[in-house]
Amino acid sequence: MIEDQTDPRREHADSDAWEHYWEKALGADMAGVSGTAAQFVREFWLASIGSNLTGTLPLRVLDVACGRGGVASILDEAGWLGKVEYCGVDISHAAVRSMINHFPSAQGVVADVQDLPLLSGNFDIVCSQFGVEYAGEAAILDLVSQLRAGGQLILLLHCVGGQIYKECYDQMEGARELVQTEFLPLSMEMFKDAYAVLEGGERRAYEGSSGRLVAKFRALEDIMRRRGRGAAAGMVYRLYRDVNQIHRDLPRFQREQVLSWLQAAAQEVASFAGRMDGMCASAMSESQVDALVLELAKRRLNAKVEPMLTAESGAQIAWQLTGAMRK
Ligand SMILES: C[S@@+](CC[C@H](N)C(=O)[O-])C[C@H]1O[C@@H](n2cnc3c(N)ncnc32)[C@H](O)[C@@H]1O
């Protein structure tokens, strides 16, 4: 069951950006949610939630900023989803719809975590995997109100300087450099001039814009030399390849089709850079998580925070914050 509880009178931070992201991500990959989490991340969730599966009543689990159900899929693979009452909340309709499609026994709520439309004190476990921190520290502290006495808060949080942070920062810089080259606006200008020539117009403008675009191709080559073909999630490489190919084969493509493709690409680059920026901004430093633990203690929640390290390199990937409400 899905409930939409977003408040139409309120501005919901970045909700359009997340909706766009999920619609695109789900459209590109219909394969499902399983298999996406690293083994050590699964082990963390299985250990921290599994230790609570001892009573006779089903555990009530609230997964905040659940996306399409990363945590639910781990519970499902362990055969535990049927043993808990799982409720996933996310700001994106598309993500919640997909989560419910995969896990029909789950409850899905479309809402901003800063404005949770749920009765307080109702959950045995409140968890979030790389989600609630996007809404800021106040939203993390507010999660305490959702827990019953003795209930557990279990969070995986992005960390400043960690492996995911470094990758996102690098991707964000790649996307910014791509924007700075002005490759896309100049490609658009060049294609307009090129179509004008095809339609019998004069060549001077086209010669100017295509000449200037050569320097922009060199700028893209420079980004790829420094950052690899994966720069800006491969968009630098794909644009380099596709603009070149369309230019060589221009009569095969329609003017409006090419221009709207370039416009969509520019929006895609901007939204990707924004998402990477949002991730970096949501990441928490050691002093921030230490302060968070102190604030949680004032709200009767005893928490501890530890770095989560990757199994392969031992690099920090996240903060794992776990704690229980005092009875
Ligand atoms: C990196 S994804 C993680 C999704 C999921 N927890 C997982 O591990 O697969 C971050 C999620 O936070 C959600 N989100 C961001 N800001 C939010 C907010 N203010 N309220 C609710 N959800 C939010 C996004 O829609 C997105 O699904």
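Keep in mind the model is a prediction, meaning the values are calculated, not measured.

What counts and how
Residues numbered from 1 in each chain as written. Predicted model: local features only at pLDDT ≥ 70, side-chain atom pairs only at ≥ 80, totals over all residues. Helix = DSSP H or I, 4+ residues; strand = E, 2+ residues; numbered from the N terminus. Buried ≥ 20, exposed ≤ 12 C-beta atoms within 10 Å, placed from the backbone. Contact = placed C-beta atoms within 7 Å. Domains from an automatic or database assignment. Nonpolar A, V, L, I, M, F, W, Y, C, P; charged D, E, K, R; others polar. Core = buried A, V, L, I, M, F, W, Y, C linked by C-beta atoms within 7 Å. Pairing = 2+ DSSP bridges. Right-handed = clockwise from strand over helix to strand, strands pointing away. Axes fitted to C-alpha atoms, helices over the stretch in contact; angles between N-to-C directions. Parallel < 35°, antiparallel > 145°, perpendicular 65-115°, else oblique. Left-handed = near helix turned anticlockwise from the far one by under 90°.

J.: I'd like a rundown of the overall build of the chain, residues and numbers included.
T.: In terms of regular secondary structure, the chain is built from eleven helices and eight strands. When its C-alpha atoms are laid out on the principal axes, the chain stretches across 80 × 40 × 35 Å. Across the 327 residues in the chain, those meeting the buried criterion constitute 37%. Across the chain, the fraction of contacts at a sequence separation of at least 24, relative to all contacts at a separation of at least 6, is 72%.

J.: Mind laying out the domain arrangement of the chain, listing which residues take part and the relevant values?
T.: What the domain assignment reports for the chain is domain 1 (2-159 + 283-325) and domain 2 (164-279). The gap between the C-alpha centroids of domain 1 and domain 2 is 37 Å. Taken together, the nine residues of domain 1 in the interface contact seven residues of domain 2. A per-element tally of the side of domain 1 that touches domain 2 places helix α1 (residues 15-28) first, with three residues. Split into classes, the residues belonging to the side of domain 1 that touches domain 2 amount to six nonpolar, two polar and one charged.

J.: Just give me the short version of the nonpolar core, but keep the residues and values in it.
T.: Of all hydrophobic cores here, the largest spans 92 residues; its most connected members are V61, V64, A72, V89, V126, V132 and L153. Sort the elements by how many residues they give to this core and helix α10 (residues 255-282) lands first, with seven residues. Among the domains, domain 1 (2-159 + 283-325) and domain 2 (164-279) are the pair contributing at least three residues each to this core. Setting aside its immediate chain neighbours within four residues, V126 contacts L62, V64, L143, Q146, L147, G151 and L153.

J.: Got a sec to walk through the pairing of strand β3 (residues 84-90)? Specific residues and values, please.
T.: Remark: a regular strand shows side chains that alternate across the two faces of the sheet. Most of β3 sits out of view: six of its seven residues are buried. Both strand β2 (residues 59-64) and β3 contribute to a ladder of six bridges, which runs parallel. Bridge pairing in β3 links V64 to V89. The pairing of β3 with strand β4 (residues 107-110) spans four bridges and is parallel. In the sheet register, V89 faces β4, and the bridge partner there is V109. Read from β3 through helix α4 (residues 93-102) to β4, the crossover connection turns out right-handed.

J.: Give a detailed account of the packing of helix α7 (residues 183-198) against helix α8 (residues 204-227), specifying residues and quantitative values.
T.: Remark: α7 packs on α8, axes separated minimally by 9 Å, with the N-to-C direction vectors making an angle of 150°. On the basis of their axis angle, the class for α7 and α8 is roughly antiparallel. In this structure, α7 crosses over α8, and the sense of that crossing is left-handed. On α8, the residues touching F183, L186, S187, E189, M190, D193, A194, A196 and V197 of α7 are A205, Y206, S209, S210, R212, L213, K216, A219 and L220. Classifying every residue of the contact of α7 with α8 gives eleven nonpolar, three polar and four charged.

J.: Could you give an account of the environment of I223, naming the residues involved and the relevant values?
T.: In this fold, I223 is placed in helix α8. For the pair I223 and L178, spaced 45 residues apart in the sequence, the C-alpha separation amounts to 7.8 Å. Beyond its immediate chain neighbours, meaning those up to four positions away, I223 contacts G174, E177, L178, A231 and V236.

J.: Can you break down the packing of helix α2 (residues 39-50) against helix α3 (residues 70-77) residue by residue, with the values?
T.: Direction vectors running N to C along α2 and α3 enclose 70°, while the axes themselves pass 10 Å from each other. Here α2 is positioned roughly perpendicular relative to α3, judged by the angle of their axes. For the pair α2 and α3, contact is made by R42, W45, L46 and I49 and by V71, I74 and L75, respectively. By residue class, the composition of the contact of α2 with α3 is six nonpolar, no polar and one charged.

J.: Please provide a residue-by-residue account of unusual backbone geometry, values included.
T.: Despite not being glycine, F130 shows a phi value in the positive range, around 45°. Summarising the element assignment, F130 is placed in the loop between β5 (123-129) and α5 (137-142). For F130, a count of 20 C-beta atoms within 10 Å translates into the label buried. With phi around 70°, R300 is a residue other than glycine that occupies positive phi space.

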